[in-house]
Amino acid sequence: MATYKVGYFVGSLSSTSINRVLSRALIQLAPAGLEFHELPIGNLPLYSPDYDASYPEEAAALKAAIADSDAVLFVTPEYNRSIPGALKNAIDWASRPWGQNSFDHMPAAVIGASIGQIGTAVAQQSLRGVLSFCNARQMTAPEAYIHFKPEVFGESGEVADEETAAFLRAYMEEFRVHIERVLTVIPRS
Ligand code: FNR
């Protein structure tokens, strides 16, 4: 069985991020054949085309880490019915310079946790629009809108509720299938 390298974004910069907790759960519940590395976004300056001729170290490192990934996973909060600025900034960096879009044909999946009932649904729609423009190959089903409950999600990624664990396990299994399908048709160069 092939092993795929998944770079994952946590869209929150919060030291107590529930989306980071969710990312730990997803990694624990992922099937064999997926390896994970975080794609850090917290130290990136704000993107400007002025940098295109010479990317700063943090942004070059982000593009290199994405290039070293077979797929990307976005685990993000919803901020004011969209994605956090830090995540959008990271995507803008990775999508440039023009002609060197890191997401081109990249298998991708989106998921997010919120303390609110709709579980980042609106942010995910916004993110999907961005990723569509970036020509990422998104997994469109299953969708995953996680209403975060502290009694369900442990800090280290343990999931107390078996129904939630089964849902997240199935989500990650589908992501592996999706990655395999995309890379069969469009191998990473
Ligand atoms: C939020 N929150 C929020 N929740 C939501 O469901 N929809 C929203 O539009 C917003 N908007 C929003 C804006 C800002 C600036 C903040 C700080 C928060 C609440 C949000 O779901 C909650 O803070 C989560 O804990 C954020 O995820 P992390 O940062 O803990 O991963």
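Worth saying up front: this structure is predicted, and the values here are computed from it rather than measured.

Enquirer: Which parts of the structure should I look at to understand the site of the ligand?
Expert: Surveying the vicinity of the ligand reveals the residues S12, S14, S17, I18, N19, P77, E78, Y79, N80, R81, S114 and I115. Between an oxygen atom of the ligand and a side-chain N or O atom of S12, the distance comes to 2.6 Å. N19 is positioned with one of its side-chain polar atoms (N or O) 2.8 Å from an oxygen atom of the ligand. Within the complex, the protein chains bury 71% of what would otherwise be the 620 Å² of accessible surface of the ligand. Class assignment of the residues belonging to the shell around the ligand gives a composition of 4 nonpolar, 6 polar and 2 charged.

Enquirer: What's the story with the pairing of strand β1 (residues 4-10) in this structure? I'm lost.
Expert: A regular strand carries its side chains on alternate faces of the sheet. Summarising burial for β1: 6 of the 7 residues are buried, a large majority. Relative to strand β2 (residues 34-38), β1 runs parallel, the two sharing 5 bridges. Pairing of V6 across the sheet is with F36, part of β2. Where β1 meets strand β3 (residues 71-75), 5 bridges bridge the pair, whose relative direction is parallel. In the sheet register, V10 faces β3, and the bridge partner there is V75.

Enquirer: Even after reading the chapter, I still don't get the packing of helix α2 (residues 57-67) against helix α3 (residues 85-95), so can you show me in this structure?
Expert: Helix-helix packing: each pair is described by the crossing angle between the helix axes and the interaxial distance. As a packed pair, α2 and α3 sit with axes 9 Å apart at the nearest point and diverge in direction by 75°. One finds that α2 runs roughly perpendicular with respect to α3. Every residue of α3 that contacts α2 at A59, L62, K63 and I66 is listed here: A90, W93 and A94. Residue composition of the contact of α2 with α3, grouped by class: 6 nonpolar, no polar and 1 charged.

Enquirer: It is not clear to me how unusual backbone geometry should be interpreted in this structure. Could you clarify?
Expert: Negative phi is the rule for most residues except glycine; trans is the rule for most peptide bonds. With an omega of -5°, the peptide bond running from R96 to P97 counts as cis. By the secondary structure assignment, P97 is in the loop between α3 and β4 (107-114). Residues A141 and P142 are joined by a peptide bond in cis, for which omega reads 0°. Residue position: P142 is located in the loop between β5 (137-138) and β6 (145-147).

Enquirer: What is the right way to read the nonpolar core from this model?
Expert: Buried together is how nonpolar side chains tend to be arranged in soluble globular proteins. L22, L26, L73, I111, F153, Y171 and F175 are the most contacted members of the largest nonpolar core, which has 31 residues in total. Those elements that provide at least two residues to this core are β1, α1 (18-29), β3, β4 and α5 (162-185). Among the elements that take part in this core, α5 stands out by supplying 7 residues, more than any other. If you look at the next biggest cluster of nonpolar residues, it comprises 27 residues, including I66, F103, M106 and L127.

Enquirer: What am I meant to see in the environment of T3 here?
Expert: Within the secondary structure, T3 sits in the segment before β1. Between the C-alpha atoms of T3 and R176, which are 173 residues apart in sequence, the distance is 9.4 Å. Excluding anything up to four places from it in sequence, T3 contacts G33, E35 and D70.

Enquirer: Help me understand the pattern of salt bridges, please; the structure alone is not making it clear to me.
Expert: Between side chains of opposite charge, a pair can form when the charged atoms approach closely. Taken as a whole, this structure holds 7 salt bridges when the rule is applied. With a shortest N-O distance of 2.8 Å, R20 and E38 are connected by a salt bridge. Of the two residues, R20 sits in helix α1 while E38 sits in strand β2, which places them 18 residues apart along the sequence. The exposure class assigned to R20 is partly exposed, which follows from its relative accessible area of 23%. With a shortest N-O distance of 3.0 Å, K88 and D92 are connected by a salt bridge. Taken as a pair, K88 and D92 lie in helix α3 at a separation of 4 residues, close to a single helical turn.

Criteria and thresholds
- Residues numbered from 1 in each chain as written.
- Predicted model: local features only at pLDDT ≥ 70, side-chain atom pairs only at ≥ 80, totals over all residues.
- Heavy atoms only, no water.
- Near = heavy atom within 4 Å.
- Polar contact = N/O pair within 3.5 Å; in protein donor to acceptor, adjacent residues only side chain to side chain.
- Areas by Shrake-Rupley, 256 points an atom, 1.4 Å probe, with all protein chains shown as cover.
- Nonpolar A, V, L, I, M, F, W, Y, C, P; charged D, E, K, R; others polar.
- Buried < 20%, exposed > 50% of the residue type's maximum accessible area, 1.4 Å probe, protein only.
- Helix = DSSP H or I, 4+ residues; strand = E, 2+ residues; numbered from the N terminus.
- Pairing = 2+ DSSP bridges.
- Axes fitted to C-alpha atoms, helices over the stretch in contact; angles between N-to-C directions.
- Parallel < 35°, antiparallel > 145°, perpendicular 65-115°, else oblique.
- Contact = heavy atoms within 4.5 Å.
- Core = buried A, V, L, I, M, F, W, Y, C linked by side-chain atoms within 4.5 Å.
- Salt bridge = Lys/Arg side-chain N within 4 Å of Asp/Glu carboxyl O.

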